[in-house]
Amino acid sequence: MEVSTLKKMIDDLCLYEEVNIEKTGLIIDGAALYYSLYYTSDPKLDQRCGGDYPGFKDEVCNFFKTLQDCEVTPYVFLDGGSGPEKREHLVSRLKHKLEKAKTVAETEPDAAPQGCNVLPPLVKDVFIEILKEKDIMFEQCLGEADPVIVSAANQKQCAVLSIDKDFYIFDLCKGFLHLDNFEWKSKEDEKIPAKLYTRSKFCEHFKLDPALMPVFASIAGNDYSRLKDNGTFANESSSPGEYSIKRLDGILRFLSKVNLHGLNDSQKRERALSQALNHVGKKENQTFKLAIQKYVQPEKKCLELPTWVSKKVERGEITTFVISVVDQKTMMLPALVEDFSQRSSYTAAYPIRQYFYGLLTGGQMCTEYDRDREEIKDKRVPSIGKQLQLEHLHKAPEGLRRRVFEEALQVQTLDLGNIPDQLKLPVCVTVFWFKRLQHHPKPETVHCLHALLLGFVFDQHGPEDEFERKMKALKDAAIRRKWQPRVAHAFSQWLCCMRQSLHLNQLLCSPLPEPQCARLYCGPLLHRLADEDTIEEVQKTLRGEKKELYENLKTVCH
């Protein structure tokens, strides 16, 4: 069941209430929010050049400023790890994302098909950074966020803001606000126009017992199950809509006619599922029962994470990638927009991931899912490092934790005396990345290096001088720049190294200061800069402290 199909059905039937949001609490699905803000920004944020994180930060800050103006208190919840039962679905989704990434790479931004979006690699990290900076209440869940969101919404008596179709199914006492209809940019009189959906109104329209909503979801199709009915339900529908809407309408009409007299909710679901399966000639299947259970009484994850790791994950101080590595010894590497004629960009950060796995598993093998040409393949990866046990890692001396970081990135942090704290980790990453790329040197690599270093010096919100003006002009002109696959690939490799180093540093309890990721990388600007003549032109505008910093960065990185 595509979320767009169910949403279209609800919109067409006007099964919502037009409301104005003000002076209230709001439970926010964090992943849905950062995807939505990145994909629907106007002007559109970059997806081809590794991301525009300063632009994304502006969008996120504007969103939360609007909530503040309307006296709306946000509570943000972020997804953690998924169980092994979803692996097949996640691999399938990864393949689909890979196809989208290839389309984005090969298509001009204005010509990309609608809905063809790929999230740049540092978006979630930057989003969490902003939540901390703005002191917004949030929690990163250890498992999926949905059940935690439902519980918090009903406990706090707040509506839920998301794009996830599952919130049409859950019993939410104050309803569900779909992000597409949450018009925060059109606020008026300190109120946000929105459309509020309630399950009761939906069930009333279809004369459906609310207890059967999880049965509807499981046979219509969710992340766990989908009933192949070969058009049976669609053919029985009198709806004038397209096939996918006819199918949903047919399922709902069928379920509304099941005799539920004298049954409790659990028995109602069992009978409705059994009759629906018999109706299309299918045998009863445990898959559907498990899918139904996700809405009724979600199973609590029992993770083998040490308490200190769990607490840091929940506070957003350690990445949720640790959960699948500890729990299942697997890592799904998200699809990237890169040069598909070359090896996966993740190859550049391979040694850093080996140390990451080593700390989490005590030296066991892990399985990675990554691109091999244009296919998703799994690969066994030996981990490195048994010198620190995860249980006691947080109590290890800082010097030892720093040494592990230095070993992983093959750097000496003593060489960073002249580098500001905020740039120490990015500089270590850049040194590591540049060395790795020198194994197969390409002329554009040095240009990419200088572009990154100029980007480190640039502060778009700092005092304006000739250098800042030049960089801002280049950023504005960048959208007209022709996309260069090899430059894009080099930057994509840097981003992979950056994210993995950031996560390794978090796991090691930050022996290096945490950088402000939002200001480090603006893809369109860096692509515009990665040209010998442009670099020379910009270098000439550097003066005083900025020139000194740039020279120090060059000395360390070359």
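Note that the coordinates shown come from a computational prediction; the quantities given were computed from them, not determined experimentally.

Visitor: I'd like a description of the overall build of the protein chain, backed by residues and values.
Guide: Regarding its fold elements, the protein chain presents 23 helices and 10 strands. In terms of C-alpha radius of gyration, the protein chain reaches 25 Å, essentially the compact-globule figure of 24 Å for 558 residues. The principal-axis extent of the C-alpha atoms belonging to the protein chain is close to 80 × 55 × 45 Å. Here the protein chain, with 558 residues, has 57% of them falling under the buried criterion. Put simply, the protein chain shows about 25300 Å² of open surface, and 46% of that area lies on carbon and sulfur atoms. In the protein chain, which carries 78 positive and 81 negative side-chain charges, the distance between the mean positions of the two groups comes to 4 Å.

Visitor: Describe the sheet that holds strand β10 (residues 375-381), with residues and values.
Guide: Taken in spatial order, the three strands make up an open sheet running β8-β9-β10, and their pairing is mixed. Sheet topology places β8 (330-332) and β10 at the edges, where each strand pairs with a single neighbour. Going from strand to strand, the sheet's axes swing by 30° on average, the running direction of each strand aside. Strand direction decides the pairing type here: β8 and strand β9 (residues 366-372), joined by three bridges, are parallel. Each bridged residue has a counterpart across the sheet, and for Met331 the counterpart in β9 is Glu368. Running at roughly 155° to β9, helix α15 (residues 350-361) makes contact with β8, β9 and β10 of the sheet.

Visitor: Now, about the packing of aromatic side chains: what can you tell me, with residues and values included?
Guide: Applying the stated criterion across every chain, the model contains 24 aromatic pairs. Here Phe167 and Phe170 contribute two aromatic rings whose centre-to-centre distance is 5.9 Å and whose plane-to-plane angle is 45°, an arrangement assigned as tilted. Ring centres 5.9 Å apart and planes at 15° place the aromatic pair Trp494 and Tyr521 in the stacked group. Within this pair, whereas Trp494 is found in helix α20 (residues 485-507), its partner Tyr521 is found in the loop between α20 and α21 (523-529), the two being separated by 27 residues in sequence. Using a relative accessible area of 0% as the deciding quantity, one classes Tyr521 as buried. In this structure an aromatic cluster arises from ring pairing among Phe167, Tyr168, Phe170, Phe176, Tyr197, Phe202, Phe206, Phe216 and Tyr295. Residue placement shows Arg371 over the ring face of Phe340; its charged tip is 4.8 Å from the ring centre.

Visitor: How would you explain the pairing of strand β2 (residues 24-29) if you had to name every residue and give the values?
Guide: The buried count for β2 comes to five of six residues, which makes it a mostly enclosed element. In this structure, β2 lies alongside strand β3 (residues 72-78), joined through six bridges in parallel fashion. Directly across from Gly25, in β3, lies its bridge partner Thr73. Here three bridges tie β2 to strand β5 (residues 159-162), and the two strands are oriented parallel to one another. Within the sheet, the bridge partner assigned to Leu26 lies in β5 and is Ala159.

Conventions used here
- Residues numbered from 1 in each chain as written.
- Predicted model: local features only at pLDDT ≥ 70, side-chain atom pairs only at ≥ 80, totals over all residues.
- Heavy atoms only, no water.
- Helix = DSSP H or I, 4+ residues; strand = E, 2+ residues; numbered from the N terminus.
- Rg over C-alpha atoms; globule rule 2.2 N^0.38 Å.
- Buried < 20%, exposed > 50% of the residue type's maximum accessible area, 1.4 Å probe, protein only.
- Areas by Shrake-Rupley, 256 points an atom, 1.4 Å probe, with all protein chains shown as cover.
- Lys, Arg positive; Asp, Glu negative; His and termini not counted.
- Charge placed at Lys NZ, Arg CZ, Asp CG, Glu CD.
- Pairing = 2+ DSSP bridges.
- Axes fitted to C-alpha atoms, helices over the stretch in contact; angles between N-to-C directions.
- Contact = heavy atoms within 4.5 Å.
- Phe/Tyr/Trp six-rings, centres within 6.5 Å; stacked < 30°, edge-to-face > 60°.
- Lys NZ or Arg CZ within 6 Å of the ring centre and 35° of its normal.

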